[in-house]
Amino acid sequence: MPKCAVVFVSSAAEDVDPERLADVMAAGAAFNQACDSHAVVCFDGSRFLTYLKGSASSVAATFVYVESVAIHSELVELARGPIQQLRFSDQPLHFMRVSTPQLKSLVRADWKNFSQRLKGQFEPETGLERLTDLLAQHCEPALG
């Protein structure tokens, strides 16, 4: 089955409290597990950046679910397309609190083709490389 990914940014609802956020992330993880999709969600307190991956059908179903969640609005898709391999672990949802500069760096990064260089220190890093580095630094489980 073809694998694909989508990365998008959205604005948080003004009334998002930590308890509501935890509930939404736990529900998202359960939904992802049921449809066999996987996500990395970065949150700076006012915006989310989400990297969603899986089979084309599971990503499509999960994206419809994500659009219905009232915790955010103004979804802007940064990239969508086929991927060669599923990166990151098989955990249904990784949640990371990041700084505003870190989120801006991800949003402004090159997500074209979801590329990741094999070796090299050339600038600029791709979006996938920046996300991989952040994930290695800190990650919170979405499930309680």
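This is a predicted model, so every value here is computed, not measured.

### Focus: the environment of Ala56
And then number 1: Tracing the sequence through the fold places Ala56 in helix 2 (residues 56-68).
And then number 2: With near-sequence residues (within four places) excluded, Ala56 lies in contact with Pro2 and Cys4.

### As for empty space enclosed by the protein
And then number 1: In the structure shown here, the tally under the stated rule is one cavity of 30 Å³ or more.
And then number 2: Within this model, the largest cavity holds a volume of roughly 210 Å³.
And then number 3: Around the largest cavity sit 18 residues that line it, and Met25, Val41, Thr50, Val66 and Leu93 are the ones nearest its centre.
And then number 4: Elements represented by at least two residues in the lining of the largest cavity include exactly strand 1 (3-12), helix 1 (18-35), strand 2 (37-43), strand 3 (47-55) and helix 2.
And then number 5: The element best represented in the lining of the largest cavity is helix 1, accounting for four residues.
And then number 6: A breakdown of the residues in the lining of the largest cavity according to their chemical character gives 12 nonpolar, six polar and no charged.

### A word on the pairing of strand 1
And then number 1: The buried fraction of strand 1 is high, at eight of 10 residues.
And then number 2: Judged from the nine bridges that link them, strand 1 and strand 3 form a sheet pairing that is antiparallel. Residue Val7 lies in a different strand from strand 3, and its bridge partner there is Tyr51.
And then number 3: Pairing geometry for strand 1 and strand 4 (residues 72-82), over eight bridges, is antiparallel. Bridge pairing links Val7 to Ala79 in strand 4.

### Quick look at the packing of helix 1 against helix 2
Describing two packed helices takes the angle between their axes plus the distance from one axis to the other.
And then number 1: One way to put it is that helix 1 packs onto helix 2 with a least axis distance of 10 Å and a crossing angle of 155 degrees. The angle between helix 1 and helix 2 falls in the class roughly antiparallel. Judged by the twist between their axes, the crossing of helix 1 over helix 2 is right-handed. Across from Ala27, Gly28, Phe31, Asn32 and Cys35 in helix 1, the residues of helix 2 making contact are Ser58, Ala61, Thr62 and Tyr65.

### Describing the side chain of Asn32
And then number 1: Residue placement: Asn32 occurs in helix 1.
And then number 2: Excluding residues that lie within four positions of it along the chain, Asn32 makes contacts with Ser37, His38, Ala39, Thr62, Pro92 and Leu93.

### So, helix 2
And then number 1: In this model helix 2 runs 19 Å from its N-terminal to its C-terminal C-alpha over 13 residues, within 8% of the 18 Å that 1.5 Å per residue would give.
And then number 2: Looking at helix 2, one finds that the buried residues are Ser58, Val59, Thr62, Phe63 and Val66. For helix 2, the arc enclosing every buried residue in end-on projection is 135 degrees, short of the 170-degree limit, so these residues lie on one face. Facing away from the buried side of helix 2 by more than 90 degrees, the exposed set consists of Val64 and Ser68.
And then number 3: Looking at the buried residues of helix 2, the elements they touch are strand 1, helix 1, strand 2, strand 3 and strand 4.

### A word on a negative patch on the surface
And then number 1: On the surface, a cluster of negative charge is made up of Glu14, Asp15, Asp17, Glu19 and Asp23.
And then number 2: Looking at the secondary structure, you find Asp15 in the loop between strand 1 and helix 1.
And then number 3: Residue Asp15 is classed as exposed on the basis of its relative accessible area of 64%.

Scoring rules and cut-offs
Residues numbered from 1 in each chain as written. Predicted model: local features only at pLDDT ≥ 70, side-chain atom pairs only at ≥ 80, totals over all residues. Heavy atoms only, no water. Helix = DSSP H or I, 4+ residues; strand = E, 2+ residues; numbered from the N terminus. Contact = heavy atoms within 4.5 Å. 1 Å grid on protein atoms, 1.4 Å probe; cavity = no way out; pocket = protein on both sides within 12 Å on 5 of 7 lines; lining within 4 Å. Points joined across faces, edges and corners; volume = space filled by probe spheres on them. Nonpolar A, V, L, I, M, F, W, Y, C, P; charged D, E, K, R; others polar. Buried < 20%, exposed > 50% of the residue type's maximum accessible area, 1.4 Å probe, protein only. Pairing = 2+ DSSP bridges. Axes fitted to C-alpha atoms, helices over the stretch in contact; angles between N-to-C directions. Parallel < 35°, antiparallel > 145°, perpendicular 65-115°, else oblique. Left-handed = near helix turned anticlockwise from the far one by under 90°. Expected span 1.5 Å × (residues − 1). Arc of directions from axis to C-beta. Patch = residues over 30% accessible without salt bridge, like charges linked within 9 Å, V, L, I, M, F, W, Y side chains within 5 Å. Areas by Shrake-Rupley, 256 points an atom, 1.4 Å probe, with all protein chains shown as cover. Salt bridge = Lys/Arg side-chain N within 4 Å of Asp/Glu carboxyl O. Lys, Arg positive; Asp, Glu negative; His and termini not counted. Charge placed at Lys NZ, Arg CZ, Asp CG, Glu CD.

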